[in-house]
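Next come the chains, spelled out residue by residue.
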Amino acid sequence: RFHNNPVEAATLASILNFVTALMARRDTVMKDCCGSFHIVALLCQILNQQAIDPLLLSSACDCLKIILQDDKMYERYAEEVSDKLNELVPLLDFLDGQRYRDLYKQALRHAADDQLLKEINNDEVIVPALTHLSNELVINAFLAVISLLALFVRGSTGSEDDPIRKQVQVALGQNESEAKLLSLL
């Protein structure tokens, strides 16, 4: 919904950043946001959008990561996140292909340049290869996606027997996650 309006996307991203900071400081806020306000379902809905603003992608990934780093919240919501985000495999698509191109174009919408906005609307923008990417918004979005993926891939001490992590790891492995991540280097 926010993919054509960078002001609305930035506003929602700022709200998510504020909520994330509150949840990181107070367990009661996290419990309320997850239980009463169903923030996990909202975050999954945001991350499932085909075209997403990079600020919103970063904020949603960071917020979800803060929630899932809490052992109790992980136990309660990891399976839901894995199911709603298809074992997180679609997040890999932001790192290359069409979703990367869409993400880059969304980042350019934050520029106040009328000519650039015209080029975006006419689909005349040249999207750089990953090796030449310098857009800070897209790079920060990549870092947030990778950080969320790492939570499921690396886990924590004692997480070796976690069936959800294993399921996500297998799905990511079958979708060339290592090759996509190495292409960012």
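Look a little higher up for the structure.
Going along each chain's sequence as written, the residues are numbered from 1 onward. With the structure being a predicted model, the display of local features is reserved for residues of pLDDT at least 70 and the display and counting of side-chain atom pairs for 80 or more, all residues being used for whole-chain, interface and lining totals. The side-chain figures draw on all heavy atoms in the structure; neither hydrogens nor water molecules are used.

Peer 1: For the pattern of salt bridges, give the residues involved together with the corresponding values.
Peer 2: When a carboxyl oxygen of Asp or Glu lies within 4 Å of a side-chain nitrogen of Lys or Arg, that pair is called a salt bridge. Tallying each qualifying case throughout the model produces two salt bridges. A salt bridge links K84 to E80, with the shortest nitrogen-to-oxygen separation between them at 3.0 Å. In this pair, K84 and E80 are both assigned in helix 5 (residues 71-84), four residues apart and thus about one turn of the helix distant. Relative accessibility thresholds used throughout: buried, under 20% of the residue-type maximum; exposed, over 50%; partly exposed, between the two (1.4 Å probe, protein chains only). For K84, a relative accessible area of 36% corresponds to the partly exposed category. A relative accessible area of 22% means that E80 is categorised as partly exposed. Taking the shortest distance from any N to any O, the salt bridge between R165 and D162 comes out at 3.1 Å. Overall, the relative accessible area of 12% leaves D162 in the buried class. Strands here mean DSSP runs of E at least two residues long; helices mean DSSP runs of H or I at least four residues long; both are numbered from the N terminus.

Peer 1: Just give me the short version of unusual backbone geometry, but keep the residues and values in it.
Peer 2: For H38, which is not glycine, the phi dihedral falls at a positive 55°. By the element assignment, H38 lies in the loop between helix 2 (27-35) and helix 3 (39-47). In this structure H38 comes out as exposed when scored by relative accessible area, which is 51%. Phi is positive for N86, which is not a glycine, with a value near 50°. With respect to the secondary-structure elements, N86 resides in the loop between helix 5 and helix 6 (89-92).

Peer 1: Lay out helix 4 (residues 54-69) with the relevant residues and their values.
Peer 2: Every helix has an expected span of 1.5 Å times one less than the residues it contains. The terminal C-alpha atoms of helix 4, which comprises 16 residues, lie 22 Å apart, in line with the 22 Å expected from a rise of 1.5 Å per residue. Whether two residues touch is decided by their heavy atoms; if any such pair falls within 4.5 Å, the residues are in contact. Structurally, helix 4 contributes buried residues whose contacts are with helix 1 (6-25), helix 2, helix 3, helix 5, helix 7 (97-108) and helix 9 (136-154). Polar contacts here mean pairs of N or O atoms no more than 3.5 Å apart (in protein, one a potential hydrogen donor and the other a potential acceptor; neighbouring residues in sequence count only if both atoms are side-chain atoms). Where helix 4 begins, the capping side chain belongs to D53, and its oxygen is found 2.8 Å from the backbone nitrogen of L55.

Peer 1: Can you explain the packing of aromatic side chains? Please cite residues and give values.
Peer 2: Centre distance and the angle of the planes are the two values used to describe a pair of aromatic rings. Aromatic rings from Phe, Tyr and Trp, with only the six-membered ring used for Trp, were paired whenever their centres fell within 6.5 Å, and each pair was classed as stacked if the ring planes differed by under 30 degrees, edge-to-face if by over 60, and tilted otherwise. Following the criterion strictly, the structure yields two aromatic pairs and no others. Seen in terms of ring centroids, Y74 and F152 are 6.0 Å apart; in terms of plane orientation they differ by 50°. Their pairing is tilted. Placement of the pair is Y74 in helix 5 and F152 in helix 9, with a sequence separation of 78 residues. The class for F152 is buried, based on a relative accessible area of 0%. In this scheme, Lys NZ or Arg CZ marks a charge over a ring once it lies within 6 Å of the ring centre and within 35 degrees of the ring normal. A cation over an aromatic ring shows up here: R165 above the ring of Y74, its NZ or CZ 4.2 Å from the ring centre.

Peer 1: Lay out the packing of helix 3 against helix 4 in plain terms, naming residues and giving numbers.
Peer 2: Relative orientation of the contacting elements helix 3 and helix 4 amounts to 145°, with a least axis distance of 10 Å. Judged by the sense of rotation from one axis to the other, the crossing of helix 3 with helix 4 is left-handed. Where helix 3 approaches helix 4, its residues I39, V40, L43, I46 and L47 are matched on the opposing element by L56, L57, A60, C61, C63, L64 and I67. Residues are sorted three ways: Asp, Glu, Lys and Arg are charged, Ala, Val, Leu, Ile, Met, Phe, Trp, Tyr, Cys and Pro are nonpolar, and all the rest, Gly among them, are polar. Residues of the contact of helix 3 with helix 4, tallied by class, amount to 12 nonpolar, no polar and no charged. With axes taken as lines fitted to C-alpha atoms, and helix axes fitted only over the stretch in contact, angles between N-to-C directions fall between 0 and 180 degrees. Should the near helix be turned counterclockwise from the far one by less than a right angle, the crossing is left-handed, whereas a clockwise turn marks it as right-handed.

Peer 1: Talk me through helix 9; I want residue IDs and the actual numbers.
Peer 2: Over its 19 residues, helix 9 extends 26 Å from the first C-alpha to the last, a length consistent with the 27 Å expected when each residue adds 1.5 Å. Taken together, the buried positions of helix 9 are occupied by V138, A141, F142, A144, V145, L148, L149, A150, L151 and F152. Residues of helix 9 that are buried make contact with helix 3, helix 4, helix 5, helix 6, helix 7 and helix 10 (163-174). The residue sitting at the N-terminus of helix 9 and contributing the capping side-chain oxygen is N135; that oxygen lies 3.0 Å from the backbone nitrogen of L137.

Peer 1: Which residues make up the state of the cysteines, and what are the values?
Peer 2: In this description, the term disulfide denotes a pair of cysteine sulfurs within 2.5 Å. Taken as a whole and assessed by the stated rule, the structure comprises zero disulfides. Distance from the sulfur of C33, which forms no disulfide, to the nearest cysteine sulfur (C34) is 6.7 Å. Among the residues examined, C33 registers a relative accessible area of 13% and is labelled buried. For C34, a relative accessible area of 2% puts it in the buried group.

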